[in-house]
Amino acid sequence: MSVGKPEPIAPYVIGWAVMMLLLGLSVLSAYLDIGIFHPVVNFGIAATQAAIIFIIFMRLRGRPSLKWVFAAAGFFWLMFLYGISTVDYATRSGFPSQ
Amino acid sequence: MRSLAPEPQFATLEQQTETAQLGMWAFIATEVMFFGALIFTYMIYRVTYWEQFRLAAHDSQILNGSINEALLLTSSLTMILAINYGKAGRNDRLVAFLLATAFLGLCFLGVKGWEYVEDYNSGSVPSMNFLFKSDYHAPTELFWIFYWISTGFHTLHVTVGIGLVMLLAWQAHRRKFSPNYFSPLEVVGLYWSFVDTVWVFLFAAIYPLGRAVT
């Protein structure tokens, strides 16, 4: 096997370090009294971590390519699912409460 | 070592690699909708039964969940390093990082298994061993049903991923990969990182809830 020079590992190590920091923030936020903002903070941190994974670790960075379309397709259809389902629940009467 | 000729339906090895990656991205799109629907269901019930979900989530084990997230995030790093060294032809490092990835995945399963036992002992298994504490009503069981279904499916995905990574490690040990042929590494790497992404969202849904002193 011919041996070449690997890509620089710095972007991956930095991405990993940022995600670990965000994990720490997520755990810390769990013990803070921020009321209804808890889900916003927690899912906001999760979305940031997911973006790092998709862009750096799943190699979506770089020039535009067909894989961007494939990667976006799932989220595109998920938005339909979320949107239509949200309208259903928001307009449904008699949904059981506590 | 594998022949450097592409399969008959492809013009070049580069096209073959790109097609294989697109296939995995298509699979990931279906997985996004699968886990996305699960998390949407969770959100509907969390908004509807806000206080009951807060009470139920307080019994989840945030230390185990955090350790597992750290393990998976680190395994994504080792996986991408394995791919990096595989593409560069550093076979010894490729094998080492693939084994490290599989090891971290096994550690995840170990911690998860321990957590499941603790969950059972603390009466957090709906229909089997569920303990209704004071202030608990039926929706607390809904939280734990989400917990078992979502983490169960995720654990299944991790198990499949460990098998694939170990298969790659064996093939790498047999020197199957080279700077000209590394498509399976890229494809399994995508799968592994996606499984990591799913856990990031499950962690946000399950563990930080219900701990703040109000």
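What you are looking at is a predicted structure, and each value in this text was computed from that prediction instead of being measured.

Trainee: Please explain the overall build of chain A as it appears in this structure.
Mentor: If you tally the helices and strands in chain A, you get 3 helices and 0 strands. Along chain A, from the amino end to the carboxyl end, the secondary structure elements read α-α-α. Compactness check: chain A gives a C-alpha radius of gyration of 19 Å against a globular reference of 13 Å for 98 residues, more than 25% above the reference. For chain A, buried positions account for 20% of its 98 residues.

Trainee: Please explain the environment of Phe43 of chain A as it appears in this structure.
Mentor: Residue and element names in this part refer to chain A. Among the secondary structure elements, Phe43 is positioned in helix 2 (residues 38-57). The class for Phe43 is partly exposed, based on 19 C-beta atoms found within 10 Å. Between the C-alpha atoms of Phe43 and Ser26, which are 17 residues apart in sequence, the distance is 9.2 Å.

Trainee: When you look at the domain arrangement of chain A in this model, what are you seeing that I'm missing?
Mentor: Many structure descriptions define interface size as the accessible area lost when the parts assemble. According to the domain assignment, chain A consists of domain 1 (8-62) and domain 2 (64-93). Taking only C-alpha atoms into account, the centre of domain 1 of chain A sits 22 Å from that of domain 2 of chain A.

Trainee: Please clarify how the interface of chain B and chain A should be interpreted in this entry.
Mentor: Taken together, the contact between chain B and chain A spans 52 residues of the former and 46 residues of the latter. For the side of chain B that touches chain A, the secondary structure elements donating two or more residues are helix 1 (13-48), helix 2 (50-57), helix 3 (62-87) and helix 6 (183-206) of chain B. Here the side of chain B that touches chain A takes 13 residues from helix 1 of chain B, the largest share from any one element. When its residues are assigned to classes, the side of chain B that touches chain A shows 31 nonpolar, 15 polar and 6 charged.

Trainee: Help me understand the environment of Thr30 of chain B in this model?
Mentor: With respect to the helices, strands and loops of the structure, Thr30 of chain B is situated in helix 1. Spatially, the C-alpha atoms of Thr30 of chain B and Ser122 of chain B are 35 Å apart, while their sequence positions differ by 92 residues.

Trainee: Which parts of the structure should I look at to understand the nonpolar core?
Mentor: General note: in soluble globular proteins, nonpolar side chains tend to be found buried as a group. By size, the foremost hydrophobic cluster in this structure holds 77 residues, and its most contacted members are Ala82, Leu98 and Phe201 of chain B. Among the secondary structure elements, those contributing two or more residues to this core are helix 1 (10-30) and helix 2 of chain A together with helix 1, helix 2, helix 3, helix 4 (91-121), helix 5 (139-173) and helix 6 of chain B. No other element matches the 17 residues that helix 6 of chain B contributes to this core. In contact with Ala82 of chain B, not counting residues within four places along its chain, are Leu94, Phe97, Leu98, Thr101 and Leu185 of chain B.

Trainee: When you look at the packing of helix 1 of chain A against helix 2 of chain A in this model, what are you seeing that I'm missing?
Mentor: Helix packing geometry: the angle between the two helix axes and the distance between the axes. All names here are of chain A. The interhelical angle for the contact between helix 1 and helix 2, taken along N-to-C directions, is 170 degrees, at an axis separation of 10 Å. Taken together, the axes of helix 1 and helix 2 lie roughly antiparallel to each other. Contact with helix 1, carried on its side by Pro11, Tyr12, Gly15, Val18, Met19, Leu22, Leu25, Ser26 and Ser29, involves Val41, Asn42, Ile45, Thr48, Gln49, Ile52, Ile56 and Phe57 of helix 2 and no other residues of that element. For the contact of helix 1 with helix 2, the per-class residue count stands at 11 nonpolar, 6 polar and no charged.

Trainee: I would appreciate a short explanation of the confidence of the model for chain A in the present structure.
Mentor: Detailed reading of the predicted model is not advised wherever pLDDT is low. Taken residue by residue, chain A gives an average pLDDT of 89. The fraction at 70 or more is 93%. Here helix 3 (residues 66-91) of chain A is the element of chain A with the lowest mean pLDDT, 91, and helix 1 of chain A is the one with the highest, 96.

Trainee: Would you explain the packing of helix 5 of chain B against helix 6 of chain B in this entry?
Mentor: Residue and element names in this part refer to chain B. Across the interface, helix 5 lies against helix 6 with an axial gap of 10 Å and an inter-helix angle of 155 degrees. When the axis of helix 5 is compared with that of helix 6, the two are roughly antiparallel. Seen along the crossing, helix 5 lies across helix 6 with a hand that is left-handed. Across from Tyr147, Ser150, Thr151, His154, His157, Val158, Gly161, Leu164, Val165 and Leu168 in helix 5, the residues of helix 6 making contact are Pro184, Leu185, Val188, Tyr191, Trp192, Val195, Val198, Trp199, Leu202 and Ile206.

Trainee: What am I meant to see in the confidence of the model for chain B here?
Mentor: Looking at chain B, the pLDDT average stands at 93 and 98% of residues meet or exceed 70. For this predicted complex, the interface score ipTM comes out at 0.92, alongside a pTM of 0.92.

Trainee: Whenever I open this one, helix 2 of chain A confuses me. Can you help?
Mentor: The α-helix advances 3.6 residues per turn, and as a result positions three or four apart in sequence lie on the same side. The first and last C-alpha atoms of helix 2 of chain A sit 27 Å apart over 20 residues, in line with the 28 Å expected at 1.5 Å per residue. Listing the buried residues of helix 2 of chain A in full gives His38, Asn42, Ile45, Ala46, Gln49, Ala50, Ile52, Ile53, Ile56 and Phe57 of chain A. For helix 2 of chain A, the angular spread of the buried residues around the axis is 160 degrees, confining them to a single face. Residues of helix 2 of chain A that are exposed and point more than 90 degrees away from the buried face comprise Val40 and Ala51 of chain A. Residues of helix 2 of chain A that are buried make contact with helix 1 of chain A together with helix 3 and helix 6 of chain B. Backbone geometry just downstream of helix 2 of chain A places Arg59 of chain A in the positive-phi region, at approximately 60 degrees.

Trainee: Looking at this model, I keep getting lost on unusual backbone geometry. Mind explaining?
Mentor: Glycine aside, negative phi is the norm for most residues, and most peptide bonds take the trans geometry. All names here are of chain B. Non-glycine residue Ser127 carries a positive phi angle of around 75 degrees. Considering the arrangement of structural elements, one finds Ser127 in the loop between strand 1 (124-125) and strand 2 (129-130). Under the C-beta neighbour-count criterion, Ser127 is labelled exposed, with 9 such atoms within 10 Å. Its identity as a non-glycine residue notwithstanding, Arg175 has a phi of 60 degrees, on the positive side. Note that Arg175 resides in the loop between helix 5 and helix 6. What makes Arg175 partly exposed here is the crowd of 13 C-beta atoms within 10 Å.

Conventions we followed
Sequence order sets the numbering: in each chain, residues are counted from 1 along the sequence as written. The naming scheme follows written order: chains are lettered A onward, ligands numbered 1 onward. Where local features are concerned, this predicted model is filtered to residues with pLDDT of at least 70; where side-chain atom pairs are given and counted, the filter is 80 or more; whole-chain, interface and lining totals use all residues. Counting from the N terminus, the helices are the DSSP runs of H or I reaching at least four residues and the strands are the DSSP runs of E reaching at least two. Only C-alpha atoms enter the radius of gyration, while the globule expectation follows 2.2 Å times N to the 0.38, with N the number of residues. Any residue with 12 or fewer other C-beta atoms within 10 Å of its own C-beta is exposed, any with 20 or more is buried, and the rest are partly exposed; the C-beta atoms used are placed from the backbone. Domains are outlined according to an automatic or database domain assignment. By definition, residues are in contact whenever their C-beta atoms, placed on the basis of the backbone, come within 7 Å of each other. Polar here means any residue other than Ala, Val, Leu, Ile, Met, Phe, Trp, Tyr, Cys and Pro, which are nonpolar, and Asp, Glu, Lys and Arg, which are charged; Gly is therefore polar. Working definition: the nonpolar core is a set of buried Ala, Val, Leu, Ile, Met, Phe, Trp, Tyr and Cys residues, joined through C-beta atoms within 7 Å. To obtain each axis, a line is fitted to C-alpha atoms, and for helices this fit is confined to the stretch in contact; angles are then taken between N-to-C directions over 0 to 180 degrees. Should an angle lie under 35 degrees it is considered roughly parallel, over 145 roughly antiparallel, and from 65 to 115 roughly perpendicular; all remaining angles are considered oblique. What pLDDT reports is the predictor's confidence in each residue, on a scale of 0 through 100. Two helices cross in a left-handed way if the nearer one is turned anticlockwise from the farther one by less than a right angle. They cross in a right-handed way if the turn is clockwise. To estimate how far a helix should reach, multiply one less than its number of residues by 1.5 Å. By definition, the arc is the one covered by directions from the helix axis to the C-beta atoms.

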